[in-house]
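The lines below spell out each chain.
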Amino acid sequence: LLFPKSSANETSVKIRKALFQNWESIEIPILTKNKEERTVLWNSANIYDTNNKTLISTIAQGNDITERKKAEQKLKEAGEKLDLAMDNGNIGTWERDLKTNRLIWDRRMEKMFGFEEETFDGTYEAFEKCLVEEDAPHVSEAARKAVKENVPFESVYRIKLPNGNVSYINAKGLVVRDEEGNAI
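Residues numbered from 1 in each chain as written. Predicted model: local features only at pLDDT ≥ 70, side-chain atom pairs only at ≥ 80, totals over all residues. Heavy atoms only, no water.

A. Representation of helix 5 (residues 136-149). Here helix 5 contains 14 residues, and its C-alpha end-to-end distance of 20 Å stays within 8% of the 20 Å for a straight helix at 1.5 Å per residue. The set of residues buried in helix 5 consists of Ala-136, Val-139, Ala-142, Ala-143 and Ala-146. Looking down the long axis of helix 5, one finds its buried residues gathered within 135° of arc, a one-sided arrangement. Turned more than 90 degrees away from the buried face of helix 5 sit Pro-137 and Lys-148, all of them exposed. The inward-facing, buried residues of helix 5 contact strand 4 (94-97), helix 4 (124-130) and strand 6 (153-160). (Helix = DSSP H or I, 4+ residues; strand = E, 2+ residues; numbered from the N terminus. Expected span 1.5 Å × (residues − 1). Buried < 20%, exposed > 50% of the residue type's maximum accessible area, 1.4 Å probe, protein only. Arc of directions from axis to C-beta. Contact = heavy atoms within 4.5 Å.)

In structure tokens form, the structure reads like this:
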């Protein structure tokens, strides 16, 4: 038996469907001669006669992608754990593009600042409007110092939430530089 019993019918359906496509790639579980289950990326292509109607042959080839699938699963699980830890720790991620002066926030940052998901417009000016006015110069100086002196960005500042409350943010970051050493 080439296919595991638990997926043999589903695999047969996938293969039959692939035979009627011009080019198809599918992932299928197979059993080795030692009865070990592996995952194969199966590619097939149909070759037709000159009238493009009569199927002459099918070329198929498979690659064992079991280790890749295991690595993808581990990466997915690690991402889920990281998300859980960041949610529980009330930690958000942000990026600032120094060329365009735009900010990219994850959903947690938006939530901390009181925005609905995907409603922050990404401008540095919109971020500055959230700051308690007295804290804006401190944040700007910390950013300037990080870029000019090549030190980590670190600043604790207050923000005004849409409901009128004030919240504290402890922001940290690293400056990313291009090959020439310019901050990006």
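What follows continues from the structure just given.
B. Quick peek at the packing of aromatic side chains. Taken as a whole and judged by the stated rule, the model has nine aromatic pairs. Look at Trp-94 and Phe-153: their rings are 5.6 Å apart centre to centre, the planes differ by 80°, and that puts the pair in the edge-to-face class. Linking Trp-94 in strand 4 with Phe-153 in strand 6, this pair joins segments that are 59 residues apart in sequence. Judged by relative accessible area, which is 28%, Trp-94 ranks as partly exposed. Of the aromatic side chains, those joined through ring pairs into one cluster are Trp-105, Phe-113, Phe-115, Phe-120, Tyr-124, Phe-127 and Tyr-157. One cation-aromatic arrangement involves Arg-96 over Tyr-124; the distance from NZ or CZ to the ring centre is 3.9 Å. (Phe/Tyr/Trp six-rings, centres within 6.5 Å; stacked < 30°, edge-to-face > 60°. Lys NZ or Arg CZ within 6 Å of the ring centre and 35° of its normal.)

C. Examining the pairing of strand 7 (residues 166-173) more closely. The pairing of strand 6 with strand 7 spans eight bridges and is antiparallel. Within strand 7, the residue paired with Val-156 across the bridge is Asn-170. Connecting the antiparallel pair strand 6 and strand 7 is a turn made up of five residues, with Gly-164 showing a positive phi of about 95°. (Pairing = 2+ DSSP bridges.)

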